[in-house]
Amino acid sequence: MSKLRQIDDDQLVQRFFDHDYRDRGVIKWQGFYLSDHTAALKKQAKQEAKKYPARAQQSLEDMSQSLSEAFANGQTVSIQLNNRDLNGDFLPDLVGKVIGYEDDMVYLAGHDGVGLMDMRNVERG
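Definitions and cut-offs
- Residues numbered from 1 in each chain as written.
- Predicted model: local features only at pLDDT ≥ 70, side-chain atom pairs only at ≥ 80, totals over all residues.
- Heavy atoms only, no water.
- Helix = DSSP H or I, 4+ residues; strand = E, 2+ residues; numbered from the N terminus.
- Buried < 20%, exposed > 50% of the residue type's maximum accessible area, 1.4 Å probe, protein only.
- Expected span 1.5 Å × (residues − 1).
- Arc of directions from axis to C-beta.
- Contact = heavy atoms within 4.5 Å.
- Pairing = 2+ DSSP bridges.

The protein appears in an unreviewed UniProt entry as DNA-directed RNA polymerase beta subunit from Secundilactobacillus pentosiphilus.

In C-alpha cells form, the structure reads like this:
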C-alpha cells in the first residue's frame, strides 16, 4: 500500500469521527431487560419492602398451650420467630398445621422443625 493511499484513508477516518459519528455514550454499555425480568425485579423489590411488625413475646407456657390445642384440633398456626434479617426486621411468619412435636421441637406441615426457644409468638387460626 502506498504512503499516499494510507494518508487519504487516515484523513477519511478522521473526518468520519469529527463530523459523522455520533457516540451514544453510556447507553451502549447498558443491558436491555425483557418484560419478564422487570416484572420479576419489581416483585422481588415489593417482597423485600414488606415489614413484619414485632408481636408480643409470649411465655413458653402460653405458646405450648396454643400449639397443643392447635395440634389436637387440627388448626393452622402462625409462628413468629425471634430471628431477624440483616436489617433487623422480623422474618415472615411460619404458617401451617401442627403435625407433631418431640421434646422442644414443633413440626409444621411444609416446614422443618422449629424449637420452642426460637419462637416469639404463636397465633391460632
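Past the structure itself, the notes keep going.
(A) The arrangement of unusual backbone geometry in detail. We note that D103 has phi near 50°; this positive angle belongs to a residue other than glycine. Examined against the element boundaries, D103 turns out to sit in the loop between β2 (94–102) and β3 (105–108). Here D103 falls in the exposed class, since its relative accessible area comes to 77%.

(B) Just helix α3 (residues 60–73), in detail. Over its 14 residues, α3 extends 20 Å from the first C-alpha to the last, a length consistent with the 20 Å expected when each residue adds 1.5 Å. Within the span of α3, buried status applies to M63, S66, L67 and A70. Relative to the axis of α3, the buried residues are bounded by an arc of 95° and lie together on one face. Exposed residues on α3 whose side chains face more than 90 degrees from its buried face are E61, A72 and N73. In the core, the buried residues of α3 are packed alongside β1 (76–81), β2, β3 and β5 (119–124).

(C) Representation of the pairing of β2 in the model. Judged from the four bridges that link them, β1 and β2 form a sheet pairing that is antiparallel. Following the sheet pairing, S78 is matched in β2 by V95. Count of turn residues in the β2/β3 antiparallel hairpin: two residues, of which D103 carries a positive phi of about 50°.

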